[in-house]
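Close look at the chain arrangement
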Amino acid sequence: VVYGCQHFLPLLRRQDEGHIVNLSSLFGLLGLPQQSGYCATKAAVRALSDARRLSTIARSDAPEAIRIEALVRTTDERALSGIARHAKHETIAAAALDRLTDAAELVEVAQNSEHKDVALSALERILTPTADLALVKSIETRAQQKSVSRRARQWIQEIEAAEAARRAADEE
């Protein structure tokens, strides 16, 4: 990765455009027991790519012309929710949940893992007062855990109050 960036970046600068895509792994986002070396190298790929991208933007007249990105192979929502659902350590579950954006997957983890509180916190992150009311109502309907259902009802009230406030502001 280092040598590839060093070799190709000058070529891309001469032609004023191009992409460098470095491939990382989900283990660059999560620290796993007995995998510290592998996790560290994958995290280093992400950090190097970010640093190179930022320095290229800072040095360039056209920062969008040359892009350097690190792609993480496992961004699949089901894979992340599976990791969170079966994680023995809360920190691993939290790291996977932090990357989930699918509310249905987060509800699944909240209902079917020992890390319910962490999953509910992740749901809080994506369900704001501007969230889709139908989505939150479907979460409330499907919720098997009382805590998930109760929190969904609170979100519904918050969303409905925000919508009412928007309508009142529009009428003024």
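The numbers attached to residues start from 1 for each chain and follow its sequence in the written order. Whole-chain, interface and lining totals are the exception, using all residues; otherwise, since this is a predicted model, local features are given only for residues with pLDDT of at least 70 and side-chain atom pairs are given and counted only at 80 or more. In computing side-chain values, all of the structure's heavy atoms are included and hydrogens and water are not.

Comments concerning the overall build of the protein
A run of H or I in DSSP becomes a helix once it reaches four residues, and a run of E becomes a strand once it reaches two; helices and strands are each numbered from the N terminus. When helices and strands are counted, the protein shows eight helices and two strands. Across the protein, helices and strands are ordered from the amino to the carboxyl terminus as α-β-α-β-α-α-α-α-α-α. Going through the 172 residues of the protein one by one, you find that 36% of them count as buried. Partly exposed describes any residue whose relative accessible area lies between the buried limit of under 20% and the exposed limit of over 50%, with all areas from a 1.4 Å probe on protein chains only and scaled to the type maximum.

Points about the nonpolar core
Only buried residues count toward a nonpolar core, which is a set of Ala, Val, Leu, Ile, Met, Phe, Trp, Tyr and Cys residues joined through side-chain atoms within 4.5 Å. If you look at the biggest cluster of nonpolar residues, it comprises 27 residues, and the most contacted ones within it are L97, L106, L123, V136, I139 and V148. Elements that contribute at least two residues to this core include exactly α3 (77–86), α4 (90–99), α5 (103–112), α6 (116–126), α7 (133–142) and α8 (146–171).

Some details on the packing of α5 against α6
Where α5 contacts α6, the two axes come as close as 8 Å, and the packing angle between them is 160 degrees. For the element pair α5 / α6, the angle class is roughly antiparallel. Classified by chirality, the crossing of α6 by α5 is left-handed. In this structure, α5 uses A103, L106, V107, V109, A110 and Q111 to contact α6, whose residues at the interface are K116, A119, A122, L123 and I126. Amino acids outside the nonpolar list (Ala, Val, Leu, Ile, Met, Phe, Trp, Tyr, Cys, Pro) and the charged list (Asp, Glu, Lys, Arg) are all regarded as polar, and Gly is one of them. Looking at the contact of α5 with α6 residue by residue, the classes come out as nine nonpolar, one polar and one charged. For helices, the fitted line uses only the C-alpha atoms of the stretch in contact; every axis is such a line through C-alpha atoms, and the angle between N-to-C directions lies from 0 to 180 degrees. Orientation is classified from the angle alone, with under 35 degrees giving roughly parallel, over 145 giving roughly antiparallel, 65 to 115 giving roughly perpendicular, and any other angle giving oblique. Working rule for handedness: look at the near helix, and if it is turned counterclockwise from the far one by less than a right angle, call the crossing left-handed; if clockwise, right-handed. The contact criterion used is simple: two residues touch if any of their non-hydrogen atoms lie within 4.5 Å.

Some remarks on the packing of α6 against α8
Where α6 contacts α8, the two axes come as close as 11 Å, and the packing angle between them is 15 degrees. In terms of orientation, α6 and α8 fall into the roughly parallel class. Helix-helix and strand crossings are classified by hand; for α6 and α8 the assignment is right-handed. Together, L120, L123 and E124 of α6 and S147, V148, R151 and W155 of α8 make up the contact between the two elements. Of the residues in the contact of α6 with α8, the class split is four nonpolar, one polar and two charged.

Considerations on α8
In this model α8 runs 37 Å from its N-terminal to its C-terminal C-alpha over 26 residues, within 8% of the 38 Å that 1.5 Å per residue would give. For α8, the set of buried residues is V148, S149, R151, A152, W155, I156, I159 and A162. A helix's residues, less one, multiplied by 1.5 Å, set its expected span.

Examining the environment of S24
By secondary structure assignment, the location of S24 is in strand β1 (residues 18–24). For S24, a relative accessible area of 1% corresponds to the buried category. Spatially, the C-alpha atom of S24 lies 7.5 Å from that of A43, the residues being 19 residues apart in sequence. A polar atom in the side chain of S24 sits 2.9 Å from the backbone oxygen of K42. N or O atoms within 3.5 Å of each other form a polar contact, as long as, within protein, one can give a hydrogen and the other can take it, and as long as residues adjacent in sequence are counted only when both atoms are side-chain atoms.

What to know about the environment of L97
With respect to the helices and strands, L97 occurs in helix α4. On the basis of relative accessible area, L97 is assigned to the buried category, the value being 1%. Every residue in contact with L97, bar those within four places of it in the chain, is listed here: A84, L106, V109, V118, A119, A122 and R125.

As for the confidence of the model for the protein
The predictor attaches a confidence to each residue, and that confidence, scored 0 to 100, is pLDDT. Summarising the model, the protein shows a mean pLDDT of 76, and 84% of its residues fall at 70 or more. Ranking the helices and strands of the protein by mean pLDDT puts helix α1 (residues 2–15) first, with 84, and strand β2 (residues 66–72) last, with 62.

Side note on the side chain of N22
Positionally, N22 belongs in strand β1. A polar contact of 2.8 Å, which involves the side chain of N22, links it to the side chain of S49.

Let's talk about the environment of A122
Following the sequence through the fold, A122 ends up in helix α6. Residue A122 is classed as buried on the basis of its relative accessible area, which comes to 7%. Sequence separation between A122 and L97 is 25 residues; the distance between their C-alpha atoms is 6.2 Å. Excluding residues that lie within four positions of it along the chain, A122 makes contacts with L97 and L106.

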